[in-house]
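In case you want the letters, here they are:
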Amino acid sequence: MKSASIPSLRVDPELRQAAEAVLREGESLSSFMEQSLRDQVTRRQLQHEFLARGLASRDEARRTGEYFEAASVHAELRGMLTKSPSGKAKR
């Protein structure tokens, strides 16, 4: 598959300077922009999948009539967050 070009991007000089200021050693502005684009595409895909799961869950709850109180779900999630994989509480 051949590579494709992305349209050039016009930005304020301040934004360009800010981007150049955070480049890592050996990193080009082009590679930084490509990685940023890849990261944003991934983020949008994950967001789309998250929303799709939420809507499917809503539809399933409506279909079955099975709902859970938010407080119970939050308590269960808090419990999961406070335990390490070994089952011991984190500090």
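Please refer to the structure higher up on the page.
All values derive from a computational prediction rather than experimental measurement. (Residues numbered from 1 in each chain as written. Predicted model: local features only at pLDDT ≥ 70, side-chain atom pairs only at ≥ 80, totals over all residues. Heavy atoms only, no water.)

S.K.: Looking at this structure, how should I read the overall build of the protein chain?
M.R.: If you tally the helices and strands in the protein chain, you get three helices and zero strands. Shown N-terminal to C-terminal, the secondary structure of the protein chain runs as helices and strands in the order α-α-α. Its C-alpha atoms give the protein chain a radius of gyration of 22 Å, clearly above 12 Å, the size a compact globule of 91 residues would have. Across its three principal axes, the protein chain shows a C-alpha extent of roughly 55 × 40 × 30 Å. Counting 16 positive and 13 negative side-chain charges, the protein chain places the averaged centre of each group 4 Å from the other. (Helix = DSSP H or I, 4+ residues; strand = E, 2+ residues; numbered from the N terminus. Rg over C-alpha atoms; globule rule 2.2 N^0.38 Å. Lys, Arg positive; Asp, Glu negative; His and termini not counted. Charge placed at Lys NZ, Arg CZ, Asp CG, Glu CD.)

S.K.: Sorry if this is basic, but what is going on with the pattern of salt bridges here?
M.R.: Pairing between side chains of opposite charge can happen when the charged atoms of each approach one another. On inspection of all chains with the given rule, the structure shows four salt bridges. Across the salt bridge formed by Arg16 and Glu20, the nearest N and O atoms sit 2.9 Å from each other. Placement of both Arg16 and Glu20 in helix α1 (residues 13-21) is noted, with a separation of four residues, approximately one turn of the helix. Here Arg16 falls in the partly exposed class, since its relative accessible area comes to 46%. (Salt bridge = Lys/Arg side-chain N within 4 Å of Asp/Glu carboxyl O. Buried < 20%, exposed > 50% of the residue type's maximum accessible area, 1.4 Å probe, protein only.)

S.K.: I keep staring at a nonpolar patch on the surface and nothing clicks. Help me out?
M.R.: Taken together, the side chains of Leu9, Val11, Leu15 and Met33 define a hydrophobic patch exposed on the protein surface, amounting to about 380 Å² of accessible area. You can see Val11 is positioned in the segment before α1. By relative accessible area, Val11 is classed as partly exposed at 38%. (Patch = residues over 30% accessible without salt bridge, like charges linked within 9 Å, V, L, I, M, F, W, Y side chains within 5 Å. Areas by Shrake-Rupley, 256 points an atom, 1.4 Å probe, with all protein chains shown as cover.)

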